[in-house]
Amino acid sequence: MSYGTLSLDSITTSTGQVIGASSASTMKNRIINGDMRIDQRNAGAVYSFGSAVSGFSLDRMACNNQSGGATITVQQSSSAPAGFQNSLAVVVTTGTTLSGSSYARLYQGFEGYNMSDLGWGTAAAKTVTLSFWVQSSIAGTHSMILQNYAATQAYAITYNISTANTWTYCTANVPGCTTGTWGTNNNCWGYLSINLGSATSQQITSGSWTTISSYVNGSPGSVNLAATTGATWNITGLQLEVGSQATTFDFRHYQQELALCQRYFQKSYDQGTAQGTSTWYGAVDSYLGSATTNPNAFPVLFRVEMRGAPTITLWDATGGGTPHIGTVYKGAYNQTGSALNPCSSGFVGYCNTSQSSAEIGFQWTAAAEL
Amino acid sequence: MYKLIKSPRNEINVVQRLSDTAFIPFDPANTDYQEYLKWVAAGNTPLPADSGN
């Protein structure tokens, strides 16, 4: 039996969704690590953000805690709605009153290369739809912000959790922004900022594009999670797609998702091993001869091309949770080293040592985040 | 505080952030480099590179 060929430009679903063109591509979801599977830095361990601390937790998910007193932990969690294996879990271990210009947010930056087809900043700007699964110990109206890197345009989104501690599916449309500058290359296009708490000075009204002069963080009346000690909040299935209809989550192959993350952060350690772990597995490692040698150069090629020249941290392979400058000889002699010529494809680890008959090496991490 | 890093070819294209020992490339697209430039613009000066390498 032979089969014919069905050739269609698009498919219109029973809900009116047109699948084709951009929405059927392999990059339907512009969020990277939206199902919170990848946690290269911490390998599932808790990351604590004290007051005035910012940094990355799960891959592509940053936290900036400028709450003026709250302590927030972020961790990969196995709590998830059906079909998902992980979520990003937030716990407010110490709450504080949000006042003045204080705020706490999670955020993901978008690279211009991956967003320029939206045409934002032009009359042809396309509508996007945000969808996600969320649960929180505090029911009520919560908020997020889409804003450009130039911090001139922002749109507040609200979502409602009607029942505490219950996974809730939320969607929101955002009309394309026809003004402002939105990146089109390897620089930052803009941010999705998830409000964990914000003073009124950090808020804008939801439902329309607002001209701003600095980044904003929430919407009036929305829940300030960071104000409540013991508050919890989880998210997964986070998706941003072109069009006005939320569609099913765009599950990608694990290796594909990992490679997308590695454009912004990668490491020498095995996946599943947190940075700073005492291990030689994955380390750049060499044995020096019996003759006393001096300069030693260790070329490192990245797993995938990075967004730009990354910031390099060299880690002591013999252990210790704190970054270590340079290389190590069998744990006995700490040698001063450096990372030279970082670029999007690699760098050179360099150590000028007079050691001989020595094992010398290091672990590394590379970050080119937005 | 930052410290300039010199390569064996006497090139300086990396600065080290002493708070966490990270090596930051002179790449305008690097967010850590952008923070370094703000720090310099605020009137600060990095430590000089070591004379030899």
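Residues numbered from 1 in each chain as written. Chains lettered and ligands numbered in written order. Predicted model: local features only at pLDDT ≥ 70, side-chain atom pairs only at ≥ 80, totals over all residues. Heavy atoms only, no water.

Draft legend 1. Expanded view of the overall build of chain A. In terms of regular secondary structure, chain A is built from one helix and 24 strands. Buried positions account for 54% of the 370 residues belonging to chain A. Partitioning the intrachain contacts of chain A with sequence separation of at least 6 by distance along the chain shows that 75% fall at a separation of at least 24. Roughly 14600 Å² of accessible area belongs to chain A as shown, and the carbon and sulfur atoms make up 50% of that amount. (Helix = DSSP H or I, 4+ residues; strand = E, 2+ residues; numbered from the N terminus. Buried < 20%, exposed > 50% of the residue type's maximum accessible area, 1.4 Å probe, protein only. Contact = heavy atoms within 4.5 Å. Areas by Shrake-Rupley, 256 points an atom, 1.4 Å probe, with all protein chains shown as cover.)

Draft legend 2. Main features of the packing of aromatic side chains. Residues and elements named next belong to chain A. Applying the stated criterion to the full structure yields 26 aromatic pairs over all chains. Centre to centre, the rings of Trp133 and Tyr169 are 5.2 Å apart; their planes meet at 45 degrees, and the pair counts as tilted. Separated by 36 residues along the polypeptide, Trp133 in strand β9 (residues 128-136) and Tyr169 in strand β12 (residues 168-174) bring together distant segments of the chain. Here a set of aromatic residues connected by ring pairs shows up, and it is made of Phe110, Trp120, Tyr155, Trp182, Trp189 and Trp209. Here Arg60 stacks its cationic end above the ring of Tyr264, 3.8 Å away from the centre of that ring. Taking the ring centre of Tyr107 as reference, the NZ or CZ of Arg105 above it sits at 5.5 Å. (Phe/Tyr/Trp six-rings, centres within 6.5 Å; stacked < 30°, edge-to-face > 60°. Lys NZ or Arg CZ within 6 Å of the ring centre and 35° of its normal.)

Draft legend 3. Representation of the layout of surface pockets in the model. Considered as a void within the structure, the largest pocket measures approximately 1300 Å³ in volume. For the largest pocket, the lining is made up of 38 residues, of which Ser54, Gly55, Phe56 and Tyr107 of chain A together with Asp32 of chain B are closest to its centre. Broken down by secondary-structure element, the contributors of at least two residues to the lining of the largest pocket are β4 (53-56), β5 (62-66), β8 (103-111), β13 (188-198), β19 (311-315) and β24 (359-367) of chain A together with α1 (31-41) of chain B. A total of five residues in the lining of the largest pocket trace back to one element, the largest contributor, which is α1 of chain B. When the residues that make up the lining of the largest pocket are grouped by side-chain class, the tally is 16 nonpolar, 14 polar and eight charged. Two domains share the lining of the largest pocket, each providing at least three of its residues, namely domain 1 (27-262) and domain 2 (267-367) of chain A. (1 Å grid on protein atoms, 1.4 Å probe; cavity = no way out; pocket = protein on both sides within 12 Å on 5 of 7 lines; lining within 4 Å. Points joined across faces, edges and corners; volume = space filled by probe spheres on them. Nonpolar A, V, L, I, M, F, W, Y, C, P; charged D, E, K, R; others polar. Domains from an automatic or database assignment.)

Draft legend 4. Here's a closer look at the sheet that holds strand β6 (residues 71-77) of chain A. Residue and element names in this part refer to chain A. Spatially, β3-β6-β7-β15-β9-β12 is the arrangement adopted by the six strands of the open sheet, whose pairing is antiparallel. At either end of the open sheet lies a strand with only one pairing partner, and these are β3 (47-49) and β12. On average, each strand axis in the sheet is inclined to that of its neighbour by 25 degrees, with strand direction left out of account. Taken together, the seven bridges between β9 and β12 define a ladder with antiparallel strand orientation. Across the sheet, the residue bridging to Val128 is Val174, located in β12. (Pairing = 2+ DSSP bridges. Axes fitted to C-alpha atoms, helices over the stretch in contact; angles between N-to-C directions.)

Draft legend 5. Layout of the interface of chain A and chain B. Counting from both sides, the interface comprises 25 residues of chain A and, opposite them, 23 residues of chain B. Counting the surface lost from both chain A and chain B, the interface buries some 1600 Å², and carbon and sulfur atoms represent 53% of this. Taken together, the links from chain A to chain B amount to zero salt bridges. Put simply, chain A and chain B have eight residue pairs in polar contact (both at pLDDT 80 or more) between them. Listing elements by their share of the side of chain A that touches chain B, those giving two or more residues are β19, β22 (337-343) and β23 (346-352) of chain A. Top contributing element to the side of chain A that touches chain B by residue count: β22 of chain A, with six residues. Of the residues in the side of chain A that touches chain B, the class split is 13 nonpolar, ten polar and two charged. (Buried area = accessible area lost by both parts, 1.4 Å probe. Salt bridge = Lys/Arg side-chain N within 4 Å of Asp/Glu carboxyl O. Polar contact = N/O pair within 3.5 Å; in protein donor to acceptor, adjacent residues only side chain to side chain.)

Draft legend 6. Geometry of the pattern of salt bridges. All names here are of chain A. Tallying each qualifying case throughout the model produces 13 salt bridges over all chains. As a salt-bridge pair, Asp35 and Arg37 come within 2.7 Å of each other at their nearest N and O atoms. Under the relative-accessibility criterion, Asp35 is labelled buried at 4%. Assessed through its relative accessible area of 23%, Arg37 is described here as partly exposed. Beyond isolated ion pairs, a larger network of salt bridges with shared partners links Asp35, Arg37, Asp250, Arg252 and Glu257.

Draft legend 7. Fine view of the nonpolar core. Counting 48 residues, the largest nonpolar core has Leu88, Trp120 and Trp233 of chain A as the members making the most contacts within it. Per-element accounting of this core gives the leading share, five residues, to strand β15 (residues 232-242) of chain A. In contact with Trp120 of chain A, other than residues within four places in its own chain, are Ala125, Lys126, Val128, Leu146, Val174, Pro175, Gly176, Cys177, Trp182, Trp189 and Trp209 of chain A. With 20 residues, the next largest nonpolar core counts Val300, Tyr350 and Trp364 of chain A together with Val14 of chain B among its residues. (Core = buried A, V, L, I, M, F, W, Y, C linked by side-chain atoms within 4.5 Å.)

Draft legend 8. Fine view of the domain arrangement of chain A. All names here are of chain A. Parsing chain A into structural domains produces domain 1 (27-262) and domain 2 (267-367). With centres defined by C-alpha atoms, the gap from domain 1 to domain 2 works out at 34 Å. Interface of domain 1 and domain 2: buried area, both sides summed, is about 920 Å²; carbon and sulfur atoms make up 47% of it. On the domain 1 side of the interface with domain 2, the three residues burying the most area are Gln40, Arg41 and Gln262, jointly 53% of the side's total. Put simply, domain 1 and domain 2 have zero salt bridges between them. In this assembly, domain 1 and domain 2 are joined by four residue pairs in polar contact (both at pLDDT 80 or more). The residue makeup of the side of domain 1 that touches domain 2, split by class, is four nonpolar, five polar and two charged.

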